[in-house]
Every structure is written in C-alpha cells, then in structure tokens.
Protein chains: 2
Amino acid sequence: MKHKVAVVDDHTLLLEAIGGLVSDFENFEVVCLCKNGQEFLNKLKIPSNIPDVVLMDINMPLLDGIETTAILKEQFPKVKVVALSVEENEKTILKMLRAGAKGYLMKDTKKEILEEALNQVIEKGYYHTNTISKLLIGSLTKDETEVELKEREVAFIKHACTEMTYKEIAEKMFLSPKTIEGYRDSIYEKLHLKNRIGLVLYAIRNGLFEP
Amino acid sequence: MKHKVAVVDDHTLLLEAIGGLVSDFENFEVVCLCKNGQEFLNKLKIPSNIPDVVLMDINMPLLDGIETTAILKEQFPKVKVVALSVEENEKTILKMLRAGAKGYLMKDTKKEILEEALNQVIEKGYYHTNTISKLLIGSLTKDETEVELKEREVAFIKHACTEMTYKEIAEKMFLSPKTIEGYRDSIYEKLHLKNRIGLVLYAIRNGLFEP
DNA sequence: AATCGAATGGGGGTTTTGCCCCTTTTTTCA
DNA sequence: TGAAAAAAGGGGCAAAACCCCCATTCGATT
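About the thresholds
Going along each chain's sequence as written, the residues are numbered from 1 onward. Both sets of labels track the order of writing: A upward for chains, 1 upward for ligands. Only residues with pLDDT of at least 70 are given local features in this predicted model, and only at 80 or more are side-chain atom pairs given and counted; all residues enter the totals for whole chains, interfaces and linings. The side-chain numbers reported here are obtained from all heavy atoms of the structure, hydrogens and water having been left aside. The helix count covers DSSP runs of H or I at least four residues long, the strand count covers runs of E at least two residues long, and both are numbered beginning at the N terminus. Strand pairing follows a simple DSSP-based rule, namely that at least 2 bridges must link the two strands. Under this scheme, a helix contributes an axis fitted over its contacting stretch, all axes are lines through C-alpha atoms, and angles between N-to-C directions fall in the 0 to 180 degree range. Segmentation of the chain into domains, including their bounds, is taken from an automatic or database domain assignment. UniProt positions are given in the numbering used here, feature names are shortened, and annotations may be inferred rather than shown by experiment. We call two residues in contact whenever any of their non-hydrogen atoms come within 4.5 Å of each other. When we say a residue is near a molecule or strand, we mean one of its heavy atoms is within 4 Å of it. Counted as a polar contact is a pair of N or O atoms within 3.5 Å, where, for protein atoms, one must be capable of donating a hydrogen and the other of accepting one, and residues adjacent in sequence contribute only when both atoms are in side chains. Just so you know the grouping, Ala, Val, Leu, Ile, Met, Phe, Trp, Tyr, Cys and Pro go in nonpolar, Asp, Glu, Lys and Arg go in charged, and all remaining residues, Gly too, go in polar. Relative accessible area decides the class of each residue, using a 1.4 Å probe on protein chains only: under 20% of the type maximum gives buried, over 50% gives exposed, and in between gives partly exposed. Residues counted as positive are Lys and Arg, residues counted as negative are Asp and Glu, and His and the chain ends are not counted. Between Lys or Arg on one side and Asp or Glu on the other, a salt bridge is scored when a side-chain nitrogen of the former is within 4 Å of a carboxyl oxygen of the latter. Two parts placed together each lose some accessible area under a 1.4 Å probe, and adding up what both lose gives the buried area. Regarding the arc, it is the one traced by the directions from the helix axis to the C-beta atoms. For this overlay, a least-squares fit was computed on C-alpha atoms, restricted to residues scoring pLDDT of at least 70 in both copies.

Caption draft 1: Region of interest: unusual backbone geometry. With a phi close to 65°, Leu-62 of chain A is a non-glycine residue in the positive phi region. Structurally, Leu-62 of chain A can be placed in the loop between β3 (53-56) and α3 (65-75).

Rendered as structure tokens:
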C-alpha cells in the first residue's frame, strides 16, 4: 500500500508542481494539497485526509509552518513533518526542527533526494542532510541563552526600523524618551549591538520587521 | 507539433517539479532544464535546445534572470521569456520586463494559468495578469526620475548597512571621513532620506544589500 | 585658454545617539 | 505584608550623525 503524503505551501504553482512530483513516486500518493496551515488542519477532520508524511513550507499566511507543525505534533503525533523551504536562516530552521519536523529539505534538492527523504522518514522516522546535521550539532555547542524580548521591547524595535527619532518613537508609544532610551540600552546589551543599524539588521534577520 | 519550453531555476526541486508540470501540458514539451543563466546560455549552442519559451527565475547565482533575459533578447530575439518568481519587489519586476520578459507569473499561480500563459505567449507574444498590467501602468505615471547612484556611492551604501561608523567606513574605502559624509549627504538628498536607518531600508528594499 | 563639473576634502555648527550614573513607581511573589 | 524585581523616568557627557557652506584637484568640454 502506498504511503499518504500531504503538501502544504502557499505558492500554488509549487504546491501543484511538488504534488505532481510526489504522485510519480512509486511508494507514495498525494492525499492533500493545502495553501496554509489553517486549511491543512481543517482538512484533517476527515480521516482519509490524514497523511503519513507532510511536506511543509515554512512561510505561509494565516498559520505558518512552525506553528502548524507544533499543533500537528500535539494532535497527530504520528504524522511526520518534512520542512521544505526556500532559503531560510539558521534560527528559523532550528525553530522548525524544535517544533517537531523530522526532516528538512533545502531548495536545491533533486527529486531523487526528495523520494529518498520520504522513504527514510517513513522507515527510520527522520531524514537529515549533512548540512542540517551540522547545524543541529552546532546549535548544541552554541550558547543557547535564548535572549528573550519583552512585548514593549519588540514594539519599540519595530518603530526603531523607521526614520523616526527616539523622541518621535516615545510619542508614538506614549512613553518618556528616557524610557525608550532605556529599552534601547537594555536591548543593545542583551543582543550585543553597537548601534541602531545593528538593531535594524537584527530585527529584519529575525523576522521582527519586514523591510 | 509541440512548442519547446526551457525552465531556468536554481532551486533544483522547483526546476524539476515545474518541468514535470509543463511536460504534462498538451501543446508543450520540455527541452532544457538549467540551474542558472550561464548554464542556459551555454546550452543554446546546440540548436535543438533552443526553446520557444523560457520560464525563468530571477534570483539565480552566476547570471541572474534579468541579465540572462537581456542577453537572450540580443542573441535570440525570437525566444520569449516568462519570468517566474517567488515574491519580488516592484522595481525588480519592472527591471525584468524592461529587460524583455514577455510575461510575469507570481508565486500563487495555478497550473491552468501557467498553461494559459504559455499558450498566450506563443499566440499573442505576451501574457500579463491584472496585477502586472496595473504595475506597468503605474510605472508610467510615477515620476521615473530614475535616481542613479554612482559606483562609489553604492559601495558606501553597502558599508553603511553595517554597525561601522562613518569614520570606519572611510578607512575601509581609503577615503577621508569628510568624503564619506559628502556621499551620505548627496544620497540623502537624491533619495529623500532623513537618516541612516532610511538608507539601510532603501538599500535592502532595492537589492543593494542582502540582510 | 577658459569653463565646467565631477570627485575629494575641510570648518564649524546643531541634533541625535550611546552610555554611564541615578530615583520613583508599580508588580510580583515568597 | 514586606522585600525584591520589574518598569518607567531622569541628568549629564562624549561620540556620532546630520547639515550647512566652502576649497582644491583634475579631466572633459567648447
């Protein structure tokens, strides 16, 4: 019997194209094509839609791949998730793996590798390329002090990614300029930043701000 | 007789998947799958590889879609290019169209639309969605004063997208800090920027700097 | 030869930032 | 309830950024 595969990706063309690719594989059949996590989770209410493996994009509207994977892990722990992404940064990949993804395929994967990955996920429960394995090992040694930012700090950072001065940001946030400077100083220390340019780049690289 | 299609995309999986999709279309056959513009242009030396239509990604290593399209337009003006991209900014789309692309497909295209686009490009010579048409019209009314940046200014901007001070940038570029300030001032005026944050955002949004 | 315009560099000013120190108020929690 | 820890706010200072106007050099134009 063929293993069931679902594909979740907001880019319709890729969704259909990858679906087509998978349906050519001998051991697999496509049971579900969805444009985002929300739609996918809804479809799982019909048992015949429940797949063995999900090929999941990370950046999606409504419900992204990381959240979807986390919810899936709770509600359907047997369903394996293979992340399928087009250039992501290290932190995002790690988040996805922590959320419970059993595999991670990069953009430049051949279809034979995709088939191999699906087979391995079914048989061994996971599939990781060398690149991802190294990243995982690296993440263990790296100081995982997981700097966390407060709600107000994140709001401030978003404002800092504009041409406003701190005084203007203070007005926008109904706070004293001195408080804003306080946010800035503590953020700089936590994140080892030297100036506002560094802060803007941090915000962009970590998805706090979309340029 | 079937029309010949080439697909050029650095993401192997997408390349193969889209190739698979196209080869299912009735009027089309895939003659060429390439990972970048360089490889594609090389393959055209063999006449049987010359396609009627090229589905071309924009962001590629070695030779990107815009340059490839421009070269193709010179050497093989009969070959139609349809850009196929995953989230690009307005300016990039316009550059691609100016380079000679006859169509532009966005990420969320259904395969029926892809087939329709290919057919129309063959028959009418072009295919544009409403979104692109509006963008084209908008680009005509918009003040196309095409602010152009000098070579040195672009180099400076790239350095400005780091935590370096202007003095440090000056050292890196073997120039006086005052010259750097001069670059900055003239750029701010040309682009109507208020401060360095604005410059960084401009650089990112216009592809001068990859965050 | 005179002129123009770039590219480069400078003087001097104000504003904004970055970085110390500190106090008051509010929240949390043992 | 009382201590501790936050959040919010403040003073002051040096560095950096911003914004003027101006000088020199050098190659291209006419």
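Caption draft 2: Summary view of the sheet that holds strand β4 (residues 80-84) of chain B. All names here are of chain B. Spatially, 5 strands are ordered β2-β1-β3-β4-β5 in an open sheet, and the strand pairing comes out parallel. With one partner strand each, in any of the chains shown, β2 (28-34) and β5 (103-105) form the two edges of the open sheet. When strand polarity is set aside, the average angle formed by the axes of neighbouring strands in this sheet is 25°. Where β4 meets β5, 3 bridges bridge the pair, whose relative direction is parallel.

Caption draft 3: Structural context of the domain arrangement of chain A. Taken domain by domain, chain A comprises domain 1 (3-141) and domain 2 (151-205). For domain 1 of chain A versus domain 2 of chain A, the distance between C-alpha centres works out to 36 Å.

Caption draft 4: Here's a closer look at the UniProt feature "modified residue: 4-aspartylphosphate" (unreviewed entry) in chain A. All names here are of chain A. This chain's UniProt record puts "modified residue: 4-aspartylphosphate" (unreviewed entry) on Asp-57. The residue Asp-57 is located in the loop between β3 and α3 in this model. Apart from the residues within four sequence positions on either side, Asp-57 is in contact with Val-8, Asp-9, Asp-10, Gly-65, Leu-84 and Ser-85.

Caption draft 5: Representation of the protein's contact with DNA strand C in the model. For DNA strand C, the set of nearby residues contains 15 residues, the closest of which are Tyr-166 and Arg-196 of chain A together with Ser-176, Thr-179 and Tyr-183 of chain B. Measuring from a phosphate oxygen of DNA strand C, one finds a side-chain N or O atom of Tyr-188 of chain A at 3.0 Å. In this structure, a phosphate oxygen belonging to DNA strand C sits 2.7 Å away from a main-chain N or O atom of Arg-196 of chain A. Where the surface near DNA strand C is concerned, the elements lending two or more residues are α9 (177-191) of chain A together with α9 (177-191) of chain B. Of all the elements, α9 of chain A adds the most residues to the surface near DNA strand C, at 5 residues. For the surface near DNA strand C, the class distribution of residues is 4 nonpolar, 4 polar and 7 charged.

Caption draft 6: Molecular detail of the side chain of Asp-9 of chain A. Residues and elements named next belong to chain A. Along the chain, the position of Asp-9 falls in the loop between β1 (3-8) and α1 (12-23). Buried within the structure, Asp-9 lacks any salt-bridge partner; its nearest side chain of opposite charge belongs to Lys-35, at an N-O separation of 8.4 Å. A distance of 2.8 Å separates the side chain of Asp-9 from the backbone nitrogen of His-11, its partner in a polar contact. For Asp-9, the contacting residues outside a window of four places in its chain are Leu-14, Leu-15, Cys-34, Lys-35, Asp-57 and Met-60.

Caption draft 7: Layout of the protein's contact with DNA strand D. Lining the immediate surroundings of DNA strand D are 15 residues, of which Ser-176, Thr-179 and Tyr-183 of chain A together with Tyr-166 and Arg-196 of chain B lie closest. Between a phosphate oxygen of DNA strand D and a side-chain N or O atom of Tyr-188 of chain B, the distance comes to 3.1 Å. Counting only elements with at least two residues in the surface near DNA strand D, the list comes to α9 of chain A together with α9 of chain B. The element contributing the most residues to the surface near DNA strand D is α9 of chain B, with 5 residues.

Caption draft 8: Layout of the interface of chain A and chain B. At the junction of the two partners, chain A supplies 37 residues and chain B supplies 37 residues. When residues of chain A are sorted by the area they lose upon contact with chain B, Leu-13, Glu-163 and Ile-197 of chain A head the list and together hold 24% of the total. Linking chain A with chain B are 0 salt bridges. On inspection of chain A and its partner chain B, the count reaches 8 residue pairs in polar contact (both at pLDDT 80 or more). Among the elements of the structure, α1, α5 (111-124) and α10 (196-205) of chain A are those that each provide at least two residues to the side of chain A that touches chain B. A breakdown of the residues in the side of chain A that touches chain B according to their chemical character gives 17 nonpolar, 6 polar and 14 charged.

Caption draft 9: Here's a closer look at helix α3 (residues 65-75) of chain B. Residues and elements named next belong to chain B. For α3, every residue scored as buried is listed here: Gly-65, Ile-66, Thr-68, Thr-69 and Leu-72. Buried residues of α3, viewed axially, fall in a sector of 160°; they line one side. For α3, exposure combined with an orientation more than 90 degrees from the buried face picks out Glu-74 and Gln-75. Where α3 is buried, its residues contact α2 (37-43), β3 (53-56), β4 and α4 (90-99).

Caption draft 10: Local environment of the sheet that holds β1 of chain A. All names here are of chain A. The 6 strands are arranged β2-β1-β3-β4-β5-β6 in an open sheet whose pairing can be described as parallel. The open sheet has two edge strands, β2 (28-34) and β6 (127-128), and neither has a second partner. Summarising the sheet, β1 and β2 pair through 6 bridges and their orientation is parallel. Residue pairing across strands places Val-8 opposite Cys-34, the latter belonging to β2. Here α1 sits on the sheet in contact with β1, β2, β3 and β4 (80-84), set at roughly 165° to β2. Of the strands in this sheet, β3 and β4 touch α3, which is tilted by about 165° from β3.

Caption draft 11: A look at the side chain of Thr-68 of chain B. Residues and elements named next belong to chain B. Residue position: Thr-68 is located in helix α3. The exposure class of Thr-68 is buried, given its relative accessible area of 0%. Once you skip the residues sitting within four places of it in the chain, Thr-68 turns out to touch Gly-37, Phe-40, Leu-41, Met-56, Met-60 and Leu-63.

Caption draft 12: How the structure looks around the relation of the copies chain A and chain B. Laying chain A over chain B is done by rotating through 180° and shifting 0.1 Å along the axis; what remains is an RMSD of 0.4 Å. Such a turn and shift between the copies fits a two-fold axis. Closest to the rotation axis within chain A is the C-alpha of Ala-17 of chain A, separated from it by 2.3 Å. Taken together, the interface assignments show that 100% of the residues at the interface of chain A recur at the interface of chain B, consistent with an identical surface on both copies.

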